[in-house]
Amino acid sequence: MGENGRFGVHGGQYIPEILMNAVVELEENYNRYKNDPEFNAELTELLNNYAGRPSRLYFAKHMTEDLGGAKIYLKREDLNHTGAHKINNVLGQALLAKKMGKTRLIAETGAGQHGVATATAAALMGMECEIFMGKEDTDRQALNVYRMRLLGAKVNAVTDGTATLKDAVSACMREWTNRVEDTHYVLGSVMGHPFPVIVRDFQAIISKEIKEQILEAEHRLPDVVLACVGGGSNAIGTFYHFIEDKDVKLIGCEAAGRGIDTFETAATINTGRLGIFHGMKSYFCQDDNGGIAPVYSISAGLDYPGIGPEHAYLHDIDRAQYVGVTDDEAVEAFEYLSRIEGIIPAIESAHAVAHAMKIAPKMDKDQIMVITISGRGDKDCAAIARYRGENINE
């Protein structure tokens with residue numbers, strides 16, 4: 001799985017010829033450094049002493065008692081430096097770029113957390129940084145735009161297309177073609193070989209830690225592991241070390257928006273078809289003519305019309321289940337976790353919490369569930385307040 005960038009029929013390397021040398025250089029250097037003791041020692045030092053790993057596996061006692069079913073644990077990626085799982089991948093890629101002699105980092109961002117993490121790593125390593133973000137997302141995530149600028153990054157508001165994440169990715173790819181010599185594209189999600197493997201490997205620390213922590217706490221593996229899914233970086237990181245453990249059910253929670261039976265959705269597995277976009281073959285939300293369809297979600301981080309190729313493959317072989325969660329369900333879960341555990345999750349993570357709220361009561365009390373809280377929800381409070389009809393200034 002992942003040989004030559006393929007996951008079953010999915011994956012591949014559908015990129016402009018002008019980027020081939022840069023991508024080949026990246027793959028060669030990644031293969032060189034991924035098992036290098038010095039590189040890994042340096043990365044571990046950054047993850048532990050700068051990002052704050054390992055992140056905690058927290059037993060959600062009140063949520064468990066309230067729902068009355070499975071024991072619920074939360075993997076607290078929201079406690080990482082910068083407030084999300086994104087820092088895991090960014091520190092790895094930024095360190096790799098530094099080893100490659102690159103002096104400039106560029107990145108796309110949706111909710112802003114990947115942009116903040118990239119700007120943070122650039123500031124730490126003394127590198128130039130430029131972020132591309134859909135205009136729609138700069139408006140609903142204004143706080144993260146300020147954070148990126150505060151960290152020294154230039155933020156470009158992308159007005160093409162739907163002015164959301166997919167358009168930011170396209171703009172970033174175009175920018176990479178303009179300056180490949182000194183620039184590394186810190187792709188935040190699992191799309192376009194070799195990124196599905198690179199991003200997965202740097203994010204797999206999530207499932208590695210979950211497995212170690214749950215064995216210490218419960219002396220056995222969980223029955224169910226859940227994560228939200230947009231492009232799929234936090235979910236593949238959460239799933240990876242459990243893929244061979246067939247008794248562990250893996251559930252990815254997609255953004256259904258206003259419903260998978262509407263056009264205002266971003267639930268790719270549930271509504272998409274096989275296609276090619278952003279350098280890969282996978283499932284994408286498409287219109288009747290096979291073009292990439294506009295997608296919608298309250299969550300800027302899940303508002304993407306495709307899914308990473310390894311997720312598409314896990315779906316094909318029935319190893320992982322992908323479910324749709326609506327805006328209303330996610331907002332309810334956002335408020336629920338805040339009130340019952342004192343933890344404000346990112347609206348992206350709230351999609352996974354919402355599905356957990358549905359299935360936990362149906363599980364036995366001796367069963368175990370782990371939910372990855374991929375980020376914290378400070379960035380979303382104003383948007384959720386507006387969703388509830390309350391106008392507040394950020």
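Every chain is numbered independently, its residues counted from 1 as its sequence is written. Only residues with pLDDT of 70 or above have their local features reported here, since the model is predicted, and side-chain atom pairs are shown and tallied only from 80 upward, although totals for entire chains, interfaces and linings are computed over all residues. Here the side-chain values reflect all heavy atoms present in the structure, with hydrogen atoms and water set aside.

A few words on the packing of aromatic side chains. Between rings of Phe, Tyr and Trp, where Trp is taken as its six-membered ring, a pair exists when centres lie within 6.5 Å; planes separated by under 30 degrees are stacked, by over 60 edge-to-face, and by other angles tilted. Per the stated rule, a full pass over the model turns up seven aromatic pairs. Centre to centre, the rings of Trp 176 and Phe 195 are 6.3 Å apart; their planes meet at 65°, and the pair counts as edge-to-face. Of this pair, Trp 176 sits in helix H8 (residues 165-178) while Phe 195 sits in helix H9 (residues 195-203); the two residues are 19 residues apart in sequence, bridging distant segments of the chain. Phe 195 carries the same exposure label as Trp 176, and that label is buried. Counting from the N terminus, the helices are the DSSP runs of H or I reaching at least four residues and the strands are the DSSP runs of E reaching at least two. Exposure categories follow from relative accessible area, calculated using a 1.4 Å probe and restricted to protein chains: below 20% of the type maximum is buried, above 50% is exposed, and the middle band is partly exposed.

For the rest of this paragraph, the subject is helix H15 (residues 347-359). Multiplying 1.5 Å by the residue count of a helix minus one yields the expected span of that helix. An ideal rise of 1.5 Å per residue puts 18 Å on 13 residues; H15 measures up with 19 Å between its terminal C-alpha atoms. Among the residues making up H15, those that are buried are Ile 347, Glu 348, Ser 349, Ala 350, His 351, Ala 352, Val 353, Ala 354, His 355, Ala 356, Met 357 and Ile 359.

It is worth spelling out the side chain of Asp 327 at this point. Structurally, the position occupied by Asp 327 is in helix H14 (residues 327-341). Residues scored as charged are limited to Lys and Arg (positive) and Asp and Glu (negative), so that His and the chain ends carry no count. The term salt bridge refers to a pairing of a side-chain nitrogen on Lys or Arg with a carboxyl oxygen on Asp or Glu at a separation within 4 Å. Although Asp 327 is buried, it makes no salt bridge; Arg 258 carries the closest opposite charge, 5.0 Å away. As used in this structure description, the phrase polar contact means that two N or O atoms lie within 3.5 Å; if the pair is within protein, one of them must be able to donate a hydrogen and the other to accept it, and residues adjacent in sequence are counted only when both atoms belong to side chains. A polar side-chain atom of Asp 327 sits 2.5 Å from a polar atom in the side chain of Tyr 296. The contacts of Asp 327, once residues within four sequence positions are left out, are Gly 257, Tyr 296, Ser 297, Ile 298 and Tyr 387. Contacts were defined at the residue level, with two residues in contact if any of their heavy atoms lie within 4.5 Å.

On to the sheet that holds strand S6 (residues 128-134), then. Spatially, four strands are ordered S7-S6-S5-S8 in an open sheet, and the strand pairing comes out parallel. Each end of this open sheet is capped by a strand with a single partner; those strands are strand S7 (154-158) and strand S8 (183-185). When strand polarity is set aside, the average angle formed by the axes of neighbouring strands in this sheet is 20°. Whether two strands pair depends on DSSP finding at least two bridges between them. Sheet topology places S6 next to S7; five bridges connect them, and they run parallel. Pairing of Ile 131 across the sheet is with Val 155, part of S7. Fitted lines through C-alpha atoms serve as axes, helices being fitted only where they are in contact, and the angles separating the N-to-C directions of these axes extend from 0 to 180 degrees.

So, about unusual backbone geometry. Look at the link from Arg 53 to Pro 54: it is a cis peptide, with omega at 0°. Relative to the helices and strands, Pro 54 resides in the loop between helix H2 (37-49) and strand S3 (57-59). Note the cis peptide between His 193 and Pro 194, where omega equals 10°. By the secondary structure assignment, Pro 194 is in the loop between S8 and H9. A positive phi is found at Ala 163, a non-glycine position, where the angle reads about 55°. Position of Ala 163 among the secondary structure elements: in the loop between S7 and H8. The phi angle at Asp 318 is positive, at roughly 60°, despite the residue not being glycine. Note on Asp 318: relative accessible area 69%, which makes it exposed.

Let us now look at the sheet that holds strand S9 (residues 224-229). Hydrogen bonds between backbone groups are what pair the strands of a sheet, and the pairing can be parallel or antiparallel. Pairing within the open sheet is mixed, and its six strands lie in the order S3-S4-S14-S9-S10-S13. Here the strands that pair on one side only, and so sit at the sheet edges, are S3 and strand S13 (320-326). Across the sheet, the axes of successive neighbouring strands diverge by a mean angle of 30°, strand direction being ignored. Strands S3, strand S4 (71-76) and strand S14 (368-373) of the sheet are contacted by helix H10 (residues 205-218), whose axis makes an angle of about 140° with S4.

A few words now on the environment of Ala 255. As for its placement among the helices and strands, Ala 255 is situated in strand S10 (residues 249-257). Distance from Ala 255 to Ile 131, taken between C-alpha atoms, is 24 Å for residues 124 residues apart in sequence. Apart from the residues within four sequence positions on either side, Ala 255 is in contact with Val 229, Thr 265, Ala 266, Ala 267, Ser 297, Leu 302, Val 325 and His 351.

Let us now look at the confidence of the model for the protein chain. Scored by pLDDT, the protein chain comes out at a mean of 96, with 99% of its residues at no less than 70. The predictor attaches a confidence to each residue, and that confidence, scored 0 to 100, is pLDDT. Looking at the elements of the protein chain, mean pLDDT is at its lowest for helix H6 (residues 135-140), recorded as 91, and at its highest for S4, recorded as 99.

Right, let's talk about the packing of H2 against helix H4 (residues 86-99) for a bit. As a packed pair, H2 and H4 sit with axes 10 Å apart at the nearest point and diverge in direction by 140°. The angle between the axes of H2 and H4 places the two elements in the oblique class. In terms of crossing hand, the pair formed by H2 and H4 is right-handed. Here H2 contributes Glu 38, Phe 39, Glu 42, Leu 43, Leu 46 and Leu 47 to the contact with H4, which in turn contributes Asn 88, Leu 91, Gly 92, Leu 95, Leu 96 and Lys 99. Any residue that is not Ala, Val, Leu, Ile, Met, Phe, Trp, Tyr, Cys, Pro, Asp, Glu, Lys or Arg is counted as polar, Gly included; the first ten are nonpolar and the last four charged. Grouping the constituent residues of the contact of H2 with H4 by class yields seven nonpolar, two polar and three charged. Here the word oblique covers every angle except those under 35 degrees (roughly parallel), over 145 (roughly antiparallel) and from 65 to 115 (roughly perpendicular). The hand of a helix crossing depends on one turn: near helix anticlockwise from the far one by less than a right angle means left-handed, and clockwise means right-handed.

What follows covers helix H13 (residues 309-316). Those residues of H13 that fall on the buried side of the exposure criterion are Pro 309, Glu 310, His 311, Ala 312 and Leu 314. Where H13 terminates, the next one or two residues include Asp 318, which has phi positive at roughly 60°.

The next subject is the pattern of salt bridges. In the structure shown here, the tally under the stated rule is 30 salt bridges. We note a salt bridge from Glu 175 to Arg 104, for which the minimum N-O separation is 2.7 Å. Taken as a pair, Glu 175 in helix H8 and Arg 104 in strand S5 (residues 104-109) lie far apart in primary sequence, 71 residues in all. Across this residue pair, the class does not change: Glu 175 and Arg 104 are buried.

A word on the nonpolar core. Where a protein is soluble and globular, its nonpolar side chains tend to be buried together. What makes a nonpolar core is a set of buried Ala, Val, Leu, Ile, Met, Phe, Trp, Tyr and Cys residues whose side-chain atoms join them at distances within 4.5 Å. Counting residues in hydrophobic clusters, the biggest one holds 84 residues, and the most contacted among them are Leu 91, Met 148, Trp 176, Phe 239, Leu 250 and Tyr 322. For this core, the element with the most residues is H4, which contributes seven residues. If near-sequence neighbours (up to four positions away) are discounted, Leu 250 is found in contact with Val 225, Phe 239, Phe 242, Ile 243, Arg 319, Ala 320 and Gln 321. Judged by nonpolar contacts, the second largest core, of 35 residues, contains Val 323, Tyr 336, Ile 359 and Met 363.

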